[in-house]
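# Understanding the architecture of this molecule
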Amino acid sequence: MATRVKEKAAARKANADKRPHATVKYVRVAPRKVKIVVDLIRGKQVDQALAILKFTPKAAAPVVEKLLNSAIANAENNLEMDRSTLYVAEAYANQGPTLKRYWARSHGRADMIKKHTSHITIVLDQK
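Sequence order as written defines residue numbering, which begins from 1 separately in each chain. For this predicted model, a pLDDT threshold of at least 70 governs which residues receive local features, and a threshold of 80 or more governs which side-chain atom pairs are given and counted, while totals over whole chains, interfaces and linings are taken from all residues. Side-chain numbers here rest on the full set of heavy atoms in the structure, without hydrogens or water.

## Here we look at the packing of helix H2 (residues 31-41) against helix H3 (residues 46-54)
Put simply, the rule reads: For helices, the fitted line uses only the C-alpha atoms of the stretch in contact; every axis is such a line through C-alpha atoms, and the angle between N-to-C directions lies from 0 to 180 degrees. Under the scheme used here, helices are H or I runs from DSSP no shorter than 4 residues and strands are E runs no shorter than 2 residues, and both carry numbers assigned from the N terminus. Should the near helix be turned anticlockwise from the far one by less than a right angle, the crossing is termed left-handed; should it be turned clockwise, right-handed. Pairs of residues are marked as contacts when any of their non-hydrogen atoms sit within 4.5 Å. Residues are grouped as follows: Ala, Val, Leu, Ile, Met, Phe, Trp, Tyr, Cys and Pro are nonpolar; Asp, Glu, Lys and Arg are charged; all remaining types, including Gly, are polar.
Running from amino to carboxyl end, H2 crosses H3 at an angle of 145 degrees, the nearest separation of the two axes being 9 Å. The chirality of how H2 crosses H3 is right-handed. Where H2 approaches H3, its residues Val37, Leu40 and Ile41 are matched on the opposing element by Ala49, Ile52 and Leu53. Of the residues in the contact of H2 with H3, the class split is six nonpolar, no polar and no charged.

Rendered as structure tokens:
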């Protein structure tokens, strides 16, 4: 069974995205709430996006701001890119695992509480 594993891996590595990015996983904020914040910064210059996040009164804003700073640091230190030319090319929040908890109710019953988590990714690019 020849599946050309090494050739396929080499092709995947050659086509890998070379843009700077940062990902945070298992954030205890629902992806529905994170998407509201992420939509605000998509397509913006990084300094403008940081200013928007600083003054956004949402629970996900500090998490996304920290993630954006990490992506900027990756671009500057790992890929030697200039900060003034960077913008947010892609930003998305996917659903992570849901934590299921029970809440005691009357007559010996229980209600389920679902605590949603998110995986957030930011990809930068140069103008």
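The rest of the description comes next.
## Remarks on the pairing of strand E4 (residues 110-115)
Where we set the bar: Two strands pair under a simple rule: DSSP has to find at least two bridges between them.
Summarising the sheet, strand E3 (residues 99-104) and E4 pair through six bridges and their orientation is antiparallel. When the bridges of E4 are listed, Lys100 appears paired with Lys114. Hairpin connection from E3 to E4: five residues lie between these consecutive antiparallel strands, with His107 at a positive phi of about 60 degrees.

## What to know about the sheet that holds strand E1 (residues 21-27)
Strand pairs in the sheet, formed through backbone hydrogen bonds, run parallel or antiparallel to each other. Pairing within the open sheet is antiparallel, and its three strands lie in the order E1-E5-E2. Either end of the sheet is taken by a strand with one partner, and the two such strands are E1 and strand E2 (86-95). Within the sheet, the average angular offset between the axes of one strand and its neighbour, ignoring direction, is 15 degrees. Both E1 and strand E5 (residues 118-126) contribute to a ladder of five bridges, which runs antiparallel. Its bridge partner lying in E5, Thr23 is registered against Thr121. Of the strands in this sheet, E1, E2 and E5 are in contact with helix H4 (residues 61-78), which crosses E5 at around 40 degrees.

## Describing the nonpolar core
Convention followed: For our purposes a nonpolar core is just a set of buried Ala, Val, Leu, Ile, Met, Phe, Trp, Tyr and Cys residues, chained together by side-chain atoms within 4.5 Å. Relative accessibility under 20% of the residue-type maximum defines a buried residue, over 50% an exposed one, and the middle range a partly exposed one, all with a 1.4 Å probe and only protein chains included.
In terms of nonpolar packing, the biggest core is built from 27 residues, with Val34, Val64, Leu68, Val88, Ile120, Ile122 and Leu124 touching the most fellow members. At the level of elements, E1, H2, H3, H4, E2 and E5 are the ones that each hand at least two residues to this core. The element that contributes the greatest number of residues to this core is H4, accounting for seven residues. Apart from the residues within four sequence positions on either side, Ile120 is in contact with Ala22, Thr23, Val24, Val27, Val34, Val38, Val63, Val64, Leu67, Tyr92 and Ala93.

## Description of a positive patch on the surface
To keep things clear, this is the line we draw: Only residues whose relative accessible area exceeds 30% and that form no salt bridge are eligible for patches; like-charged ones are grouped when within 9 Å, while nonpolar side chains (Val, Leu, Ile, Met, Phe, Trp, Tyr) are grouped when within 5 Å. Shrake-Rupley sampling with a 1.4 Å probe provides the accessible areas, and residues are treated as covered by the protein chains on show and by no other component. The working definition used for a salt bridge is a side-chain nitrogen of Lys or Arg within 4 Å of a carboxyl oxygen of Asp or Glu. A residue counts as positive if it is Lys or Arg and as negative if it is Asp or Glu; His and the chain ends are not included. In this description, the location of a charge corresponds to atom NZ of lysine, CZ of arginine, CG of aspartate or CD of glutamate.
Judged by side-chain charge, Arg28, Arg32, Lys33, Lys58, Arg101 and Lys115 come together as a positively charged surface patch. As for its position among the elements, Arg32 is in helix H2. Judged by relative accessible area, Arg32 falls into the exposed class, the value being 72%.

## Describing the pattern of salt bridges
If you walk through the whole model with that rule in mind, you get four salt bridges. Across the salt bridge formed by Arg19 and Glu90, the nearest N and O atoms sit 2.6 Å from each other. In this pair, Arg19 is assigned in the loop between helix H1 (5-14) and E1 and Glu90 in strand E2, connecting sequence segments 71 residues apart.

## Notes on the packing of aromatic side chains
Our working rule: Stacked, edge-to-face and tilted labels apply to pairs of Phe, Tyr and Trp rings (six-membered ring for Trp) whose centres lie within 6.5 Å, assigned for plane angles under 30 degrees, over 60, and everything in between, in that order. Cation placement over rings: the criterion is NZ of Lys or CZ of Arg within 6 Å of the ring centroid and within 35° of the ring normal.
As enumerated under the stated definition, the model contains zero aromatic pairs in all. The ring centre of Trp103 lies 4.7 Å from the NZ or CZ of Arg105, which sits over that ring. Note that Lys127 overlies the ring of Tyr87, its terminal NZ or CZ placed 4.7 Å from the centroid.

## Some points on H2
Because each turn of an α-helix spans 3.6 residues, side chains separated by three or four positions in sequence point in the same direction. The criterion, for reference: Arc, as used here, means the arc of the directions from the helix axis to the C-beta atoms.
Residues of H2 that are buried include every one of Pro31, Val34, Val37, Val38 and Ile41, and no others. Viewed along the axis of H2, the buried residues span an arc of 120 degrees, placing them on a single side of the element. Opposite the buried face of H2, by more than 90 degrees, sit the exposed residues Arg32 and Lys33. Of the surrounding secondary structure, the elements contacted by the buried residues of H2 are H3, H4, E2 and E5. The positive-phi residue at the C-terminal boundary of H2 is Gly43, with phi of around 85 degrees.

Note that every value here comes from positions in space, so none of it alone points to a role or purpose.
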